[in-house]
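Results of the structural survey
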Amino acid sequence: MDSGHDRQKFFYLLLFAVTAGLCWILSPFFGAVFWGVILAILFQPVQRWLVVRFGKRHNLAALATLALIILIVILPVIFVAATIVQEITVGYQQLQSAQPNYSRYLQQFIQALPTGLQNLLAKAGLTNIPGIQKKLADGAAQISQFAAAQALSIGQNTFQFVIGFGVMLYMVFFLLRDGPAIGRHVRRAMPMDEEHKRLLLTKFTTVVRATVKGNIVVALVQGMLGGFIFAVLGIEGVVLWGALMAFLSLLPAIGASIVWVPVAVYFLMTGAVWKGVVLIAFCGGVIGLVDNLLRPLLVGKDTKMPDWVVLISTLGGMELFGITGFVIGPLVAALFMASWDIFVRAQGE
């Protein structure tokens, strides 16, 4: 008995060691593997539909689904990213070449403020227009240098980037083709009751689909609407501002308002009252309505998590994992809640 127990302990230790070793080996391609899994989960319904349409030819259905992913996901992301980099560069050049205009805008804004607030700003040294202008120019230079450094890094690591991109596409193809079989293997390997397995796996796929699909739909809609109203009001760099609002809309409750509220305040303070009113009405009404209607419908309804949990887990996930964290954070939070729910039920039985 002791010998059998020792062999079992050794086997579990070996199982843990090889699993940790595989995770360590795959860690350089964590992002590629992660997004490969996410895309496969999101497009698995399309794959199943195409399998039926193509007469159960799984390889052909997986290739067609992969081509669709490249067309509607990857190529638009590449285009928007390239446009954002271009607009950041143009904005920095304008900031350098049109300094008197920015100085005048700042002066107009400060003069439009109440006298008491102007005195407070003066005591804090924030009415020194040349000093503020220099700080803005330095900040824009740092942003431009960061963007250039990232572009240079990608250029220098082109081989690694291409390998990672290839790994992601490779993962997507085989996970689409063999996803059901892999899911069955994972389910059999989990040392849990069937009901608990079903609950956790269902929660996992539901949260992934709701978080990614719901947040991305909300982000795209808010970004496009924000870019549209900025273009109507004659604000330059609409793609950049729209993309920034789309990115910030991943944060529930606050989101895109971080961008449009300061712009609206600037319009109101500098005399462009109608622009400020239009911006507040449109963003507060239309964009706010999108957030209040679509997000609970697409995200909260399926994940069954309170908004504050989604917000905190999203912020924490993005702090630890970058952009990927907007999926990882809510996913971990949902699995945490589901696991404790299972524990409480088991204790009550």
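Residues numbered from 1 in each chain as written. Predicted model: local features only at pLDDT ≥ 70, side-chain atom pairs only at ≥ 80, totals over all residues. Heavy atoms only, no water.

Short version of the rule: UniProt positions are given in the numbering used here, feature names are shortened, and annotations may be inferred rather than shown by experiment.
As annotated in an unreviewed UniProt entry, the chain carries the name Transport protein YdiK and comes from Ralstonia mannitolilytica. For the record of the chain, the UniProt heading Sequence similarities (unreviewed entry) holds the text "Belongs to the autoinducer-2 exporter (AI-2E) (TC 2.A.86) family." As recorded by UniProt, the Subcellular location (unreviewed entry) comment attached to the chain reads in full: "Membrane".

1. Comments concerning helix H10 (residues 257-269)
Stated precisely, the cut-off is as follows: Here a helix means four or more residues in a row that DSSP labels H or I, a strand means two or more in a row labelled E, and each is numbered from the N terminus. Multiplying 1.5 Å by the residue count of a helix minus one yields the expected span of that helix. Accessible area is worked out with a 1.4 Å probe on protein chains only. A residue is then buried under 20% of its type maximum, exposed over 50%, and partly exposed in between. Comment: arc refers to directions from the helix axis out to C-beta atoms.
Between its first and last C-alpha atoms H10 spans 18 Å; for 13 residues at 1.5 Å apiece the expected length is 18 Å, and the two agree. Residues of H10 that are buried: Val259, Trp260, Ala264 and Phe267. Summarising the axial view, the buried residues of H10 lie within an arc of 115 degrees, below the 170-degree limit, and thus occupy one face. At the exit of H10 stands Gly271, carrying a positive phi of roughly 95 degrees.

2. Describing the packing of helix H8 (residues 194-232) against helix H9 (residues 238-248)
To be explicit about the condition: Note on method: axes are straight lines fitted to C-alpha atoms, helices fitted across the in-contact stretch only, with angles between N-to-C directions ranging 0 to 180 degrees. The handedness criterion is simple: a crossing whose near helix is rotated anticlockwise from the far helix by less than a right angle is left-handed, and one whose near helix is rotated clockwise is right-handed. Contact definition: two residues touch when any of their heavy atoms are within 4.5 Å.
Across the interface, H8 lies against H9 with an axial gap of 7 Å and an inter-helix angle of 145 degrees. With respect to the hand of their crossing, H8 and H9 are arranged in right-handed fashion. Every residue of H9 that contacts H8 at Ala219, Gly223, Gly226, Gly227, Phe230 and Ala231 is listed here: Val238, Trp241, Gly242, Met245 and Ala246.

3. Observations regarding the UniProt feature "transmembrane region" (unreviewed entry) in the chain
Residues annotated in UniProt with the feature "transmembrane region" (unreviewed entry) correspond here to residues 12-43, 63-85, 158-176, 216-235, 241-265, 272-290 and 310-336. Annotation note: span residues 12-43, helix share 91%, strand share 0%, distance between end C-alpha atoms 35 Å. Span residues 216-235 is 85% helix and 0% strand, its end C-alpha atoms 24 Å apart.

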